[in-house]
Amino acid sequence: MRLKIIGSAAGGGFPQWNCNYRLSRGARSGDINLRPRTQSGLIASANGTDWVVFNASPDIREQIAATPELQPASAGPLRSTPIRAVVLTNADVDHIAGLLSLREREPFAIYASQRILEVLASNSIFNVLDPAIVKRRELLLDEPTKIADASGKPTGLVVEAFAVPGKVALFLEDPSLAAQGFGTETGDTIGLRISSSQTPHAAFYVPGCAAVDANLKRRLSNADCLLFDGTLFTDDEMITAGVGSKTGARMGHVHISGPSGSIDALSNLGVKRRIYVHINNTNPILDEASAERAAVGEAGWEVAHDGMEVRL
């Protein structure tokens, strides 16, 4: 099974179009330690031919252009794609807006929790993906799902979705329910176990997570590979950077460092390979020469970049 990170940044990418914080400024100036990144996305294949996209970011067209595996075969039909399915982990704009760029009447399937499918169904703009051509299928939580293309042909990948602590998408927040998580319900944020019949190994993909609880620790114990939410290094990072007023907890993202951070929480689970994904433009781990980047490496974590591959 091959996995490839096609987008390693959080919403807005890196550098973000309107961000003048020192990291984005450095990336624009060509600092070799600040590698540009597109918005969050992953692809996987069990056979090297049929590919499944995990989250469709607004940068999907750019990501396809940079990823030969996702392009039409040179000897293929005039209209074709190796993308057989798209799997969604939440309804955030940086994970669903790219669906609109896949609207050229090309058959594939969309898999998501019932909560996420309801978001797509409630917004008529997603009808540009004709349901007669682009099939929408529910990912039942805590049950393995064989991912198939629009016609029902298996891709060889199996996904098990599970709820993780998170938050309803920003554009769906109900301020009157602030004390109850702004209307967050089970299924708004999910993690995925990705496996294949070709290998006994599996990867866990959790690009958004608000806390590491006992259930999540149990699932991740002794995992072969974990791609995990690396949005912020500290909970108040955006505040201290002067670019925002929200903490990581308010945005539904657990931070990396400190006694309540993900490094500490996930340190004794026996996970063989650990990779941070979905990295915000204020996160100092983006700077390959920073002390924070060194600390992450010393703790046994890698920092994702666009084009990074994992083979299991």
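Let me begin by describing the structure that accompanies this report. (Residues numbered from 1 in each chain as written. Predicted model: local features only at pLDDT ≥ 70, side-chain atom pairs only at ≥ 80, totals over all residues. Heavy atoms only, no water.)

**Considering the pattern of salt bridges**
One pass over the full model with this rule turns up 13 salt bridges. Aspartate 130 is paired through a salt bridge with arginine 105; the nearest N and O atoms lie 3.6 Å apart. With a gap of 25 residues between them, aspartate 130 in the loop between α4 (114-122) and β6 (134-138) and arginine 105 in the loop between α3 (93-96) and β5 (108-112) connect regions that are remote in the sequence. Accessibility expressed as a relative area gives 26% for aspartate 130, which makes it partly exposed. With its nearest N and O atoms 2.3 Å apart, the salt bridge here joins arginine 219 to aspartate 142. With arginine 219 in helix α5 (residues 214-220) and aspartate 142 in the loop between β6 and β7 (144-148), this pair connects stretches of sequence that are 77 residues apart. Owing to a relative accessible area of 44%, aspartate 142 belongs among the partly exposed residues under this scheme. A cluster of three or more residues bridged by salt bridges with shared partners is formed by Arg2, Lys4, Glu69, Glu309 and Arg311. (Salt bridge = Lys/Arg side-chain N within 4 Å of Asp/Glu carboxyl O. Helix = DSSP H or I, 4+ residues; strand = E, 2+ residues; numbered from the N terminus. Buried < 20%, exposed > 50% of the residue type's maximum accessible area, 1.4 Å probe, protein only.)

**Here we look at α4**
Looking at α4, one finds that the buried residues are Ile116, Leu117, Val119 and Leu120. Burial along α4 is one-sided: seen end-on, the buried residues are contained in an arc of 150 degrees. Facing away from the buried side of α4 by over 90 degrees, the exposed positions are Ala121 and Ser122. Of the surrounding secondary structure, the elements contacted by the buried residues of α4 are α3, β5 and β6. (Arc of directions from axis to C-beta. Contact = heavy atoms within 4.5 Å.)

**Points about the pairing of β5**
In terms of burial, β5 is a largely internal element, five of the five residues being buried. Alternating residues of β5 divide into Phe108, Ile110 and Ala112 and Ala109 and Tyr111, and every residue in both groups is buried. In the sheet, strand β4 (residues 83-87) pairs with β5 via three bridges, with the strands oriented parallel. Paired with alanine 85 across the bridge in β5 is alanine 109. The pairing of β5 with β6 spans five bridges and is parallel. Bridge pairing in β6 links tyrosine 111 to arginine 137. (Pairing = 2+ DSSP bridges.)

**Description of the sheet that holds strand β1 (residues 2-7)**
As summarised here, the arrangement of the seven strands in space is β6-β5-β4-β3-β2-β1-β14, forming an open sheet in which the pairing is mixed. If you trace the sheet from one side to the other, it starts and ends with β6 and β14 (309-311), each paired once. Between one strand and the next, the sheet's axes are offset by a mean angle of 20 degrees, whatever the strand orientation. Taken together, the five bridges between β1 and strand β2 (residues 41-45) define a ladder with antiparallel strand orientation. Of the residues in β2, the one forming a bridge with lysine 4 is isoleucine 43. In the packing of α4 onto the sheet, contacts are made with β5 and β6, and the angle to β6 comes to roughly 145 degrees. (Axes fitted to C-alpha atoms, helices over the stretch in contact; angles between N-to-C directions.)

**Considering the packing of aromatic side chains**
Evaluation of the coordinates by the stated rule reveals three aromatic pairs. Positioned above the aromatic ring of phenylalanine 182, the side-chain terminus of arginine 250 is 3.9 Å from the ring centre. (Phe/Tyr/Trp six-rings, centres within 6.5 Å; stacked < 30°, edge-to-face > 60°. Lys NZ or Arg CZ within 6 Å of the ring centre and 35° of its normal.)

**Topic: the nonpolar core**
Counting 34 residues, the largest nonpolar core has Leu226, Phe228 and Val296 as the members making the most contacts within it. Here phenylalanine 228 is in contact with Val206, Cys209, Val212, Leu216, Val254, Ser262, Leu266, Ile275, Tyr276, Val277 and Trp301, once residues within four sequence places are set aside. Formed by 30 residues, the second largest nonpolar core is a distinct cluster that contains Met1, Leu157, Val159 and Ile190. (Core = buried A, V, L, I, M, F, W, Y, C linked by side-chain atoms within 4.5 Å.)

**Overview of the environment of lysine 272**
Mapped onto the elements of the fold, lysine 272 is located in the loop between α8 (262-265) and β12 (274-277). Separated by 28 residues in the primary sequence, lysine 272 and glycine 300 place their C-alpha atoms 9.2 Å from one another.

Purely spatial values, then, with no claim about function.
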